[in-house]
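# Coordinates in review
Here is what each chain is made of, one letter per residue.
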Amino acid sequence: MAVRFDAAGEDYLRVVNLSTQGAWSVTCWVKLSADRNNYSSAWCIDSSIGNYNLLQTDNDGTTMGFFQSSVTPLATRAMTVGVWYFIAISVNGSSGTMVSRAANETAYSIATWSNGAGNTTHTNFRIGDSVYGGEWLNGSIAGLKWWSAALTQTQLEAEASQFLPVRTTNLRAYYRFSGPSTTDNSGNGLTLSGGSGASTDTDPVPFQSAPVRLSNNFDVNVADGTAITLANSGGNAGNAFHKIVGQPFYSSWIPHRDGGKTASNAIIGAGDPHLDWENVTQPGNTFCARMYIYRDGTPAGTVPMFAALGPSGVLFKAWMFNTGRVGVWDAGSDVEYINTGTSRAPFEQWVRFEWRFDLGTSGVGTLEQWMYFSADSAVHDHYAIANVAWGGVKPSTVEFHLRRDSACATYIDDIAISDVKLGSAFSQIAEPIDRVTESSTAQPISARKLRMVRPVSSAETVLGARVLRARRLSTATEADASDMLGRQKRRSVGQAAEAGNPADAAGAHALTLGRGIEFSEAQQLAASLGPIIRTLVESSIALPVTGTKIRHVGMATTADVVRASRPVHQRLLGVAADMSSAVVLNRVKQVRLRPASEISLAGRFGTGFVVLVDELDQALPIVPLLYRGGPFTGVEGPGETWSADVLRRRWIVESASRTWSADLSRRSWDVDPPRGTWSATHT
């Protein structure tokens, strides 16, 4: 539908007081119903006779032009009486573009200019006449949109595809004009005045608008009791209302959806408050509406629920009686079309109602009503249908009512209209993606922030990281405030053979991390970060270990070959190398250890290497132990351990980027026979 002007004084006006504007756009559908052989205006933005932007015909009555503070048009389009045209204007300073096409055409006509008036003052917005007055339009307008930005040619052409704005960014106002209307359908509140005497015309043909689909769930981030207004009723909640009657407010007392809000009415007996959408005429013959309603008691009398109005008044209206019976009546409430019969809407719970209007093709259509006691069920508890002669009139306005009486309050939620039956507001909720199950298969590592420690040591092959299970270890007793072993997933190291004398590490392929490589001779202690321990002596009593909570370090890696031993200094048996902390092998960036401090007698350590380490608050400590006997699993504790004696000397860890030195200088060690060896005596 469209608005039809055929005489002076039927035009609309909005005082906007926007001062100077340099970039803006306006699009609309316009039709000349008669050739006045005079200036005929579609719309005008002005501040005075000397400062205006005007879309009107020249004095020949049929050549539509865009004028900017001048009697000479910047762009024109020849029109034929009785034909709808899409005309779009985009202004950017002194430059601009006009895009136009007839409804029965597919190609657009493009006109541009660069000699416009530049920035102009926007004080008044007129539809159907000009700043001069008396230059009224004998014709019709539909789908007028106004932006505070200069749209491109492509964007302007896209707006011809539907009445609803395609681009909503910078949308200043939108007037659908499904007949005479002063409503700003953008929700920005630029309501028009005037329009007295204007009538209704048909929509552009063959152009059809997109279906009108509006919804609102009232989930607005405001305090309980905040009044619902045109300005705050949209946003995250959905489509803003075009009209509000009474004093409805937001409430979170009994929301239909968890954590959401509803609409209610605070004042008992305060007339008939309702929330309205206007200009909702569907392009087809079907109109549907949905409403969730909750009443906290039995109403004292009959209360309205929902109404659909045409251009001349109410088409049908739903009422609820104090028994819970719901009926739908005609405009004068003289004829009841349908009702819920013996089914009664329960109180103190959410109930969903849906209505479907069909205009029909032979003058007689239908009206249907569904009622759902389980508000989001797909199975209705009552259904009714009736044949109704609608007289070719479609709904153009809807009202959702919130009357409150002395007996109960009304709450509504998840209201909507569409051209198809809507169903539950939660019908599109996604199903669970999968169930969480326990598995030994490693899950992919999510991206996380890593700190570069040092370059990664080279190796022939790095095996993929795998998740390992581990039991919590008990507490290790240690002198001078020992560091706690952190809880992490790991496998037992396995069993290492022990010999009387230490030997150089032999190159061999490594097994997957978690199992030690077994040789006929014991492996050498690997230089790594570790806690300070004292001189070791053998004891038959295992030291208890206490588990502590830590963050997971990550996944470990292995290599196919053992890196060559790097000669370092050794101590005599009884003094163990130690550091401030130790880390498990992880597929993260490594820290390369520098030469250790020199001691009087040195032996040789077999070396390991550290790869990428996830960023943590601290490294997980590991206490080096020598043992003989059965396998060490880390669960029941070792059968025999080396316990700490008086510390003769200890190793100190500096920053990872610094080096160890014996006399404040960096040194390298040759691979010579050890000047001292580790020896062990079984105690």
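One structure accompanies this document, and this report is about it. (Residues numbered from 1 in each chain as written. Predicted model: local features only at pLDDT ≥ 70, side-chain atom pairs only at ≥ 80, totals over all residues. Heavy atoms only, no water.)

Backbone hydrogen bonds are what pair the strands of a sheet, in a parallel or an antiparallel way. Taking strand neighbours across the sheet as the criterion, the 7 strands line up as S17-S20-S29-S22-S23-S24-S25 in an open arrangement whose pairing is antiparallel. At either margin of the open sheet sits one strand with a lone partner, and together these are strand S17 (243-245) and strand S25 (336-339). Looking at each pair of strands side by side, their axes are set apart by 15° on average, direction ignored. Inspection of the sheet shows strand S20 (residues 274-278) paired to strand S29 (residues 397-401) by 5 bridges, in the antiparallel sense. Across the sheet, histidine 274 pairs through a bridge with histidine 401, a residue of S29. (Pairing = 2+ DSSP bridges. Helix = DSSP H or I, 4+ residues; strand = E, 2+ residues; numbered from the N terminus. Axes fitted to C-alpha atoms, helices over the stretch in contact; angles between N-to-C directions.)

Take the environment of glutamate 368 next. Mapped onto the fold, glutamate 368 is located in strand S27 (residues 365-372). Each C-alpha atom, one on glutamate 368 and one on asparagine 387, is 9.0 Å from the other, the two residues being 19 residues apart in sequence. Leaving out residues up to four positions away in the same chain, glutamate 368 has contacts with Ile338, Glu354, Trp355, Arg356, Tyr383, Ala384 and Ile385. A polar contact is formed between the side chain of glutamate 368 and the side chain of arginine 356, at a distance of 2.7 Å. (Contact = heavy atoms within 4.5 Å. Polar contact = N/O pair within 3.5 Å; in protein donor to acceptor, adjacent residues only side chain to side chain.)

As a further point, take the sheet that holds strand S4 (residues 41-48). The strand order S7-S6-S5-S4-S11-S2-S14 describes an open sheet built from 7 strands, whose pairing is antiparallel. Edge positions in the sheet fall to strand S7 (75-78) and strand S14 (193-194), since each has one partner strand and no second. Judged from the 7 bridges that link them, strand S2 (residues 12-21) and strand S11 (residues 120-127) form a sheet pairing that is antiparallel. From the neighbouring strand, tyrosine 12 faces S11, where its bridge partner is isoleucine 127.

Turning to the packing of aromatic side chains, a few remarks are in order. Applying the stated criterion to the full structure yields 27 aromatic pairs. For the pair phenylalanine 5 and tyrosine 12, a centre-to-centre distance of 6.0 Å together with 75° between the ring planes defines the contact as edge-to-face. The residues phenylalanine 5 and tyrosine 12 share a single accessibility class, namely buried. Geometrically, the ring pair formed by tryptophan 253 and tyrosine 294 is edge-to-face, given 6.0 Å between the ring centres and 80° between the ring planes. (Phe/Tyr/Trp six-rings, centres within 6.5 Å; stacked < 30°, edge-to-face > 60°. Buried < 20%, exposed > 50% of the residue type's maximum accessible area, 1.4 Å probe, protein only.)

So, about the pattern of salt bridges. This model, assessed by the stated rule, comprises 12 salt bridges. Across the pair glutamate 336 and arginine 325 runs a salt bridge whose closest N-O atoms are separated by 2.9 Å. Within this pair, whereas glutamate 336 is found in strand S25, its partner arginine 325 is found in the loop between strand S23 (313-320) and strand S24 (326-329), the two being separated by 11 residues in sequence. The salt bridge partner of glutamate 368 is arginine 356, with a shortest N-O separation of 2.7 Å. Of the two residues, glutamate 368 sits in strand S27 while arginine 356 sits in strand S26 (residues 351-358), which places them 12 residues apart along the sequence. Relative accessible area serves as the criterion here: at 7%, glutamate 368 is assigned to the buried category. The exposure class of arginine 356 is partly exposed, given its relative accessible area of 26%. Salt bridges linked by common partners bring Asp272, Lys317 and Arg403 together as one network. (Salt bridge = Lys/Arg side-chain N within 4 Å of Asp/Glu carboxyl O.)

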